[in-house]
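# Understanding the architecture of this molecule
Below are the chains, spelled out letter by letter.
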Amino acid sequence: MSKKGCFWVSVVLLILFLAGGGLCGGIVYFAFDMAKAPMEAVVKELNEDQEIAAKLGSPIESGASFGITDFQNNNGNGHARVDFNVAGSIGGANVQGRVNLTANKWRSEEITVTCDDGTIFTLPRNGIASEGDADDSKSADDDPNDEPGVGE
């Protein structure tokens, strides 16, 4: 093969390599961007909640680039688990929980926001404020019918 032929083969191979890399990069970018949607929906809810916004300061933003596990999107329906940190102008918090996707709209199913000072908020509120300090919060194991000292 002549030098001129080798040059053109090299150019074509380089173009194919760059096009393939660009295609793969684009797919990764759009998949990553789509997977951030649950986090963005939760951060939006945090900013819209007056008590949380007052506690953390506005605007509340996520410092995480990725805080999603168990992400599923099946034609606009699915769910995701979130676990990431947020910060406002006054303080920060850890956000954990589950969000559901219905008709291409992400909604909180059960989100726990634990502020740096131990204050816990739960979303969605459904019109009921469910704020409490970490010391006053009840665990899932607390049973109001348990008698002290029995079965310990």
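One can find the structure itself at the top, above this paragraph.
Let me sum up the structure you'll find in this document. (Residues numbered from 1 in each chain as written. Predicted model: local features only at pLDDT ≥ 70, side-chain atom pairs only at ≥ 80, totals over all residues. Heavy atoms only, no water.)

### Points about a nonpolar patch on the surface
A cluster of nonpolar residues, Val9, Val12, Leu13 and Leu16, forms a patch on the protein surface that exposes about 370 Å² of accessible area. Exposure remark for Leu13: the relative accessible area of 53% places this residue in the exposed category. (Patch = residues over 30% accessible without salt bridge, like charges linked within 9 Å, V, L, I, M, F, W, Y side chains within 5 Å. Areas by Shrake-Rupley, 256 points an atom, 1.4 Å probe, with all protein chains shown as cover. Salt bridge = Lys/Arg side-chain N within 4 Å of Asp/Glu carboxyl O. Buried < 20%, exposed > 50% of the residue type's maximum accessible area, 1.4 Å probe, protein only.)

### Focus on the packing of aromatic side chains
Under the criterion given, the structure shown has 2 aromatic pairs. When the ring of Phe7 is compared with that of Trp8, the centres are 5.2 Å apart and the planes differ by 75°; the resulting orientation is edge-to-face. Of the residues examined, Trp8 reaches a relative accessible area of 49% and is grouped as partly exposed. When the ring of Phe71 is compared with that of Trp106, the centres are 5.9 Å apart and the planes differ by 35°; the resulting orientation is tilted. Within this pair, whereas Phe71 is found in strand β2 (residues 68–74), its partner Trp106 is found in strand β5 (residues 105–115), the two being separated by 35 residues in sequence. Residue Phe71 is classed as partly exposed on the basis of its relative accessible area of 26%. (Phe/Tyr/Trp six-rings, centres within 6.5 Å; stacked < 30°, edge-to-face > 60°. Helix = DSSP H or I, 4+ residues; strand = E, 2+ residues; numbered from the N terminus.)

### Thoughts on helix α2 (residues 37–48)
With 12 residues, α2 extends 17 Å between its outermost C-alpha atoms, agreeing within 8% with the 16 Å of an ideal straight helix rising 1.5 Å per residue. Residues of α2 that are buried: Pro38, Met39, Ala41, Val42, Val43 and Leu46. (Expected span 1.5 Å × (residues − 1).)

### Quick word on the nonpolar core
Counting residues in hydrophobic clusters, the biggest one holds 23 residues, and the most contacted among them are Leu46, Ile52, Phe84, Val86, Val95, Ile111 and Val113. For this core, the elements supplying multiple residues, two or more each, are α2, α3 (50–56), β3 (77–87), β4 (92–102), β5 and β6 (120–123). With 5 residues, the top contributor of residues to this core is α2. With near-sequence residues (within four places) excluded, Phe84 lies in contact with Met39, Val42, Val43, Ser62, Ala64, Gly67, Ala93, Asn94 and Val95. (Core = buried A, V, L, I, M, F, W, Y, C linked by side-chain atoms within 4.5 Å. Contact = heavy atoms within 4.5 Å.)

### Some points on the side chain of His79
The topology assignment puts His79 in strand β3. Looking at His79, its side chain comes within polar contact range of the side chain of Asp70, at 3.1 Å. With near-sequence residues (within four places) excluded, His79 lies in contact with Asp70, Phe71, Gln72, Arg98, Val99, Asn100, Leu101 and Trp106. (Polar contact = N/O pair within 3.5 Å; in protein donor to acceptor, adjacent residues only side chain to side chain.)

### Some words on the pairing of β6
Along β6, the buried face is formed by Phe121 and Leu123; none of Ile120 and Thr122, which line the opposite face, is buried. With 4 bridges joining them, β5 and β6 adopt antiparallel strand pairing. Across the sheet, the residue bridging to Val113 is Phe121, located in β6. Here β5 folds back onto β6, and the loop between the two strands holds 4 residues, one of which, Gly118, carries a positive phi near 95°. (Pairing = 2+ DSSP bridges.)

### Observations concerning the pairing of β2
In this structure, β2 lies alongside β3, joined through 5 bridges in antiparallel fashion. Each bridged residue has a counterpart across the sheet, and for Asn74 the counterpart in β3 is Asn77. A loop of 2 residues connects β2 with β3, the two strands running antiparallel in sequence, and Asn75 in this loop sits at a positive phi of about 55°.

### Topic: the environment of Ile60
For Ile60, the position within the fold is in the loop between α3 and β1 (61–62). For the pair Ile60 and Gly88, spaced 28 residues apart in sequence, the C-alpha separation works out to 4.3 Å. When residues no more than four places from it in sequence are discounted, the contact partners of Ile60 are Val43, Leu46, Asn47, Ile52, Ala53, Val86, Ala87 and Gly88.

### Quick word on the environment of Val43
If you trace the backbone, Val43 turns up in helix α2. For Val43, a relative accessible area of 11% translates into the label buried. The contact partners of Val43, leaving out residues within four places of it in the chain, are Ile60, Glu61, Ser62, Phe84 and Val86.

Such coordinate-based values are descriptive only and should not be taken to indicate function.
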